[in-house]
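# Chains, contacts and geometry: an overview
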Amino acid sequence: MMKFRFRRQGADPQREKLKQELFAFHKTVEHGFPNQPSALAFDPELRIMAIGTRSGAVKIYGAPGVEFTGLHRDAATVTQMHFLPGQGRVLTLLDDDSLHLWEIVHHDGCAHLEEALRFQAPSRPGFDGASGLPSLAHITVVLLVAAGDMAALGTEGGSIFFLDVPTLTLLEGQTLGPDEVLRSVPDDYRCGKALGPVESLQGHLRDPTKILIGYSRGLLVIWNQAARCAERIFLGNQQLESVCWERSGHTVVSSHSDGSYAIWAADTSDSPTAQPTVATTPYGPFPCKAINKVLWRTCASGEHFVIFSGGMPRASYGDRHCVSVLQAETLVTLDFTSRVIDFFTVHSTRPEDEFDEPQALAVLLEEELVVLDLQTPGWPAVPAPYLAPLHSSAITCSAHVANVPAKLWARIMSAGEQQNPQPASGASSWPITGGRNLAQEPSQRGLLLTGHEDGTVRFWDASGVALRPLYKLSTAGLFQTDCEHADSLAQAAEDDWPPFRKVGCFDPYSDDPRLGVQKVALCKYTAQMVVAGTAGQVLVLELSDAPAEQAVGVASLDLLQDREGFTWKGHERLSPRLGPLPWPAGFQPRALIQCLPPAAVTAVTLHAEWGLVAFGTSHGFGLFDYLRRSPVLARCTLHPSDSLAMEGPLSRVKSLKKSLRQSFRRIRKSRASGKKRMVAGSKLQEANAQLAEQAGPQDVEVTPVQRRIEPRSADDSLSGVVRCLYFADTFLRDAAHHGPTMWAGTNSGSVFAYALEVPAAAVGSEKRPERAVEAVLGKEVQLMHRAPVVAIAVLDGRGRPLPEPYEASRDLAQAPDMQGGHAVLIASEEQFKVFTLPKVSAKTKFKLTAHEGCRVRKVALATFASVACEDYAETCLACLTNLGDVHVFSVPGLRPQVHYACIRKEDISGIASCVFTRHGQGFYLISPSEFERFSLSARNITEPLCCLDVHWPRDATRVSHRSRESPKLNQANGTPGIILAPQSCDGSPDPICKGADTPEPAEAMLSPMSIDSATSADTTLDTTGDMTVEDVKDFLGSSEESEKNLRNLSEEEARACAILIK
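Computed from a predicted structure; not experimentally measured. Starting from 1, residues in each chain are numbered consecutively following that chain's sequence as written. The model is predicted, so local features are restricted to residues of pLDDT at least 70 and side-chain atom pairs to those at 80 or more, both for listing and for counting; the totals for chains, interfaces and linings are taken over all residues. Only hydrogens and water are set aside when side-chain values are computed; all heavy atoms of the structure are taken into account.

### Topic: the overall build of the protein chain
Looking only at helices and strands, one finds 14 helices and 64 strands in the protein chain. By residue count, 52% of the 1062 residues in the protein chain fall in the buried class. For the protein chain, the share of sequence-separated contacts (at least 6 apart) that also reach a separation of at least 24 residues comes to 61%. Of the roughly 48200 Å² that the protein chain leaves accessible, carbon and sulfur atoms contribute 50%. Secondary structure is summarised from DSSP: a helix means a run of H or I of at least four residues, a strand means a run of E of at least two, and numbering begins at the N terminus for each. For every residue, the accessible area obtained with a 1.4 Å probe (protein chains only) is divided by the maximum for its type, and the residue is called buried under 20%, exposed over 50%, and partly exposed between those limits. Pairs of residues are marked as contacts when any of their non-hydrogen atoms sit within 4.5 Å. Only the protein chains shown count as cover for residues, and all accessible areas are computed by the Shrake-Rupley method using a 1.4 Å probe.

The following block contains the structure:
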């Protein structure tokens, strides 16, 4: 029913200004490893690396903290990437045969990656005959020549086209066809066979006029582009895969489809050359797979490197993903767990150097990046400061810990260093060091904890842009599994040849799905944590700086409380190892609590000051005193009809009949209620329409229609699932005495509040006296609509959330107000409600589902600091809905402040993985291997801010002339702040924007991407209003005005480029 009321006063301008100082939404950076990588490039001058993906993303990385991202308009696969050395430009080839030139563009003191030009290969004959341009078949390979000013494009038809890179236009008259090459080939080699596609193009380091061409048939040609003739011809007969040209030009190495590689001498006078100097099949003599890529790197010692991918024996190891490194008599077969995409070496590229002297080998795999130090004996792996595979085992849960004390941080780092000891020599360092990170040191340290399917918990440094791995905790050693026996059998069966060496940490296979971590909680002041798993196991651990050998106490807690009629049909519990067990330095288990039935743990919380841990499953919740190793409380939350809760997540039993019955009941109920409201509703609508016509829009306003929410049935399946647990020191029994309490919320909208009797001598001590902790049920609240309870929080007399354990007692936070009346905030999936304590009477509420039509998925209390005043901050409630929107509400008033579209509503896994921080930031998974970081705070923003020294040639001109008003247009994430410091060839600083000084044709100034890039479905524009016809007219203008603007562009230094429309 429509409601009308007199218009209230408008929004308070002071409050609106304060909102702008407190709240702002930014997607700042993407943590982790790019999903589905497809291409790799490295700039040896700037020492930066680029990775392209199947979704069209371009990500560039330098030193830790130096990174930024671009996104192609079309969601096409990036097949090749090539840096223009030293210029900060990269040329990308997509699988739709389009070429894109990316460069770093400066905007108001910061820069970002932007697409400057685009080239689409002309179509085949008959499709675009009127264009007059030569037709290109499928582009197979790209080579940058003449210091990046020209690109050679090898095609599937065997022709080579040449492209002017600054303008991305084809150079007429320089196309090299296969017929021209065949004239220099002996007649007996031709024999009516075609050369096949161009498989490889290689340039000469010292002579840019020479190009080494490799055709699929096996023919190799050293072509002099200036003289238009073939200088050397190598008559290979085996299908070609790749070619490498040694830096002096005297040696050519080719790899082939039969698993062999050949070495050809290019300094002999014999041409054509019919036989290679050396031809070998490293893993023969049996049939082998193709060697996809080969590199030849020279050393002053004479022991040169041969590095190649593939070539494994087809029958025995054809399913292995390998890169082989051969130096003299040393051969190492690097065995990876995912497919090899590409690899490169970090070596000297200066023409005056005689040898390559490779320093490192970087291998891009489908699921991780591995870097090996080639200067240290044994070629050890170099720990990556970023790009770590978050999904080395599938992520099952995550948590964030803010303001980590420096002492705990140092202890965690020390434990991580003992796990991965580094060589004594300092040569083992990260080789990708381009750019400088200008971001200030973070004021506080943040930990991101991720639980995984294999029972591990990984600790990540989430303080800055680079998500750095710190420490890994494994819980599998506490339980009996079959993994050790299987590993020993596999090692015993493996031969010494090939000399495999396991490299990388990506391991997607879990030995037992019951090991999966479901919930984690960490007390940052006592270095104690709780890890709960899929089979009902709850581990209490404590950080130790030294290895130890000790037994772990095991206790069981029956949550069913001998209730009859329930039989567990799911998986069995994990069997713990008995007796003393060795534990390395780090978090070591102190107690193991096994929930019965062994269902997955759905909620957990830890109070280290009281020595208590609470946990819940789909059957109920329990409270455990881990100091006395004794259970305190067990409560069953099952409804009599909750048979589905007994099947477990790994059971195949499905209550299909019951689900159908409940669905039909809901349909009948909604139809019946709809018929009753139909007659009365029609009359009310007519009356409301007449009233609206009489009142007019000036006098009244329409309040939002509240959706009618059907109450949930009490016998819904899984109604007993415990969704949240919470400890608080508050008033529960009466208004005069406060004490420890425990709160639990379930899937059926029930809230249980227990008063706890914790012995006074035990508070803060490591030993519990003989008197046990007692729990007495104080309150029980049933929400009217039975919506699942997502979170519970107690607010003090000032309306602020209670501090964490030890914060108040150690003067680390402001003590809570225990004089005024407390309140409890209960957040369900449909509404937020504040109740007074101890009476538990409703004080205020906000019906989110009724007003917005969405349901709550994640909530958190966060502190938002003002950008205008350092001392002012507000505590608000941040909420993520099932539509992917983020809402912020004031506390305790529950007034809506701001809301933003954050995650696509179709991205169910991203919404489920979201985690908020205490200072207004958040993380969510955009792929199995990547976290997107976002900020709701106008002050607390973590984004890249870095400097990159670019050396522009003297005659180089800026080719990017996009509108400077929308720097976020083609970025996959936010706006990384990258300050660009370009220099000319003589080393003097060069202005960043040179497009205004050198006029260009209008066709070159306007990128084809910039016309319709705003229509991309994957691009989000930050707009403040709808586009109108007047806006379009003002934007277009006339041809005369556009030409006048172009002539005055350099004089007025206009920010936006005009568009010529003729």
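### Focus on the pairing of strand β44 (residues 612-616)
The buried fraction of β44 amounts to five of the five residues, a majority that puts the element mostly inside the structure. The side-chain alternation of β44 yields two buried faces, one formed by L612, A614 and G616 and the other by V613 and F615. Pairing of strand β43 (residues 603-607) with β44 involves five bridges; the strand directions are antiparallel. Note that in β44 the partner of A603 across the bridge is G616. A loop of four residues connects β43 with β44, the two strands running antiparallel in sequence, and G611 in this loop sits at a positive phi of about 70°. A pair of strands is labelled paired if DSSP reports no fewer than 2 bridges between them. The sheet contact formed by β44 and strand β45 (residues 620-625) spans five bridges and is antiparallel. Following the sheet pairing, A614 is matched in β45 by L623.

### Thoughts on the pattern of salt bridges
By definition, a salt bridge exists where a carboxyl oxygen of Asp or Glu is found within 4 Å of a side-chain nitrogen of Lys or Arg. The full count for this structure, using the stated rule, is 32 salt bridges. A salt bridge links R514 to D512; the shortest N-O distance between them is 2.7 Å. Neither R514 nor D512 differs from the other in exposure class; each is buried. Between E829 and R723 there is a salt bridge, and its shortest N-O distance comes to 3.4 Å. Note that E829 is positioned in the loop between β53 (823-828) and β54 (831-836) and R723 in strand β48 (residues 722-730), a separation of 106 residues in sequence. What makes E829 buried here is its relative accessible area of 8%. Classification of R723 by relative accessible area gives partly exposed; the value is 29%.

### So, the nonpolar core
L447, V457, F459, L473, M529 and F587 are the most contacted members of the largest nonpolar core, which totals 35 residues. Top element by residues in this core is helix α5 (residues 406-419). It accounts for four residues. Once residues lying within four places of it in the same chain are set aside, the contact partners of F587 are F459, Y471, L473, L522, A527, M529, L541, E542 and L543. Within this scheme, the nonpolar core is defined by two criteria: the residues are buried Ala, Val, Leu, Ile, Met, Phe, Trp, Tyr or Cys, and they are joined through side-chain atoms within 4.5 Å.

### Quick look at the UniProt feature "repeat: WD" (unreviewed entry) in the protein chain
UniProt positions are given in the numbering used here, feature names are shortened, and annotations may be inferred rather than shown by experiment. When the UniProt feature table is mapped onto this chain numbering, "repeat: WD" (unreviewed entry) sits at residues 447-461. The span residues 447-461 carries 0% helix and 80% strand; its end-to-end C-alpha distance comes to 5 Å.

### Topic: α5
Relative to the 20 Å expected for 14 residues at 1.5 Å per residue, α5 spans 20 Å between its end C-alpha atoms, a close match to the ideal helical length. For α5, the set of buried residues is L408, W409, I412, A415 and G416. The arc that holds the buried residues of α5, viewed along the axis, is 130°, so those residues lie on one side. Opposite the buried face of α5, at more than 90 degrees from it, the exposed residues are A406, K407 and E417. Looking at the buried side of α5, the elements it contacts are β32 (447-452), β33 (456-461), β34 (468-474), β38 (537-544) and β42 (586-596). A helix is expected to span 1.5 Å for every residue after the first. This arc describes the spread of directions from the helix axis toward the C-beta atoms.

### Brief notes about the packing of aromatic side chains
The geometry of an aromatic ring pair comes down to the distance between the two centres and the angle between the two planes. To pair, rings of Phe, Tyr and Trp, with the six-membered ring standing in for Trp, must have centres within 6.5 Å; the planes then decide the type, stacked if under 30 degrees apart, edge-to-face if over 60, and tilted in the middle. Considering all chains together, one arrives at 23 aromatic pairs under this definition. Judged by centre distance (4.9 Å) and plane angle (65°), the rings of Y317 and F500 are edge-to-face. With Y317 in helix α4 (residues 314-317) and F500 in strand β35 (residues 500-502), the pair connects residues that are 183 residues apart, well separated along the chain. Like F500, Y317 is buried.

### A word on the environment of G616
Along the chain, G616 turns up in strand β44. Note on G616: relative accessible area 0%, which makes it buried. For the pair G616 and T746, spaced 130 residues apart in the sequence, the C-alpha separation amounts to 9.3 Å. Setting aside residues no more than four positions away along its own chain, G616 makes contact with A600, V601, T602, A603, F621, V722 and L725.

### Looking at the sheet that holds strand β50 (residues 750-757)
An order of β48-β49-β50-β51 is seen for the four strands of this open sheet, with the pairing classed as antiparallel. Every other strand in the sheet has two partners, leaving β48 and β51 (774-782) as the edge strands with one partner each. On average, each strand axis in the sheet is inclined to that of its neighbour by 20°, with strand direction left out of account. Angles shown run from 0 to 180 degrees and are taken between the N-to-C directions of axes, each axis being a line fitted to C-alpha atoms and, for helices, limited to the stretch in contact.

### Side note on helix α1 (residues 13-22)
Turning to α1, its buried residues number three or more, namely L18, K19, E21 and L22. Seen along its axis, α1 keeps its buried residues to an arc of 160°; they face one direction. The outward face of α1, more than 90 degrees from its buried face, is lined by the exposed residues P13 and Q20. N-cap assignment for α1: the residue whose side-chain oxygen lies 3.2 Å from the backbone N of Q14 is D12. Contacts described as polar in this section are N or O atom pairs within 3.5 Å, which, within protein, must combine one atom able to donate a hydrogen with one able to accept it, while residues neighboring in sequence count only if both atoms come from side chains.

### With respect to the confidence of the model for the protein chain
Any residue range with low pLDDT should be treated as having predicted coordinates unsuitable for detailed reading. Of all residues in the protein chain, 77% have pLDDT values of 70 or greater, and the mean over the chain is 82. Residue-level confidence of the predictor is what pLDDT reports, using numbers from 0 through 100. In the predicted structure, residues 488-493 sits below a pLDDT of 50 and forms zero contacts with residues beyond four places in sequence or in another chain. In the predicted structure, residues 960-1062 sits below a pLDDT of 50 and forms 161 contacts with residues beyond four places in sequence or in another chain.

### Points about the environment of I395
Locating I395 in the fold gives a position in strand β30 (residues 395-401). Note: C-alpha distance between I395 and H452 (57 residues apart in sequence) is 4.5 Å. With sequence-adjacent residues up to four places away left out, I395 is seen in contact with L390, T450, G451, H452, L925, P928 and F931.

### Comments concerning the side chain of E609
Here E609 lies in the loop between β43 and β44. For this count, His and the chain ends are skipped, Lys and Arg are scored as positive, and Asp and Glu as negative. Although buried, E609 forms no salt bridge, and the nearest oppositely charged side chain, R810, lies 7.3 Å from it. In this structure the side chain of E609 is engaged in a polar contact, spanning 3.1 Å, whose partner is the backbone nitrogen of Y806.

### A word on the environment of C724
Within the secondary structure, C724 sits in strand β48. For C724, a relative accessible area of 8% translates into the label buried. Residues contacting C724, with those up to four places away along its chain left out, are A603, W743, A744, G745, V789, V790, A791 and I792.

### A few points about the sheet that holds strand β21 (residues 261-265)
The four strands lie next to each other as β19-β20-β21-β22, forming an open sheet whose pairing is antiparallel. The open sheet has two edge strands, β19 (240-245) and β22 (278-280), and neither has a second partner. Going from strand to strand, the sheet's axes swing by 15° on average, the running direction of each strand aside. Sheet analysis places β19 next to strand β20 (residues 251-256), joined by five bridges and oriented antiparallel. From the neighbouring strand, C244 faces β20, where its bridge partner is V253.

### Looking at unusual backbone geometry
Cis geometry is adopted by the peptide bond preceding P285, which originates at G284 and carries an omega value of 5°. Along the chain, the position of P285 falls in the loop between β22 and β23 (291-297). Within the chain, A527 stands out as a residue other than glycine whose phi angle is a positive 55°. Relative to the helices and strands, A527 resides in the loop between β36 (517-523) and β37 (528-533).

### What about the pairing of strand β15 (residues 198-203)?
Bridge count for β15 against strand β16 (residues 210-215) is five bridges, and the pairing is antiparallel. Within the sheet, the bridge partner assigned to Q202 lies in β16 and is L212.

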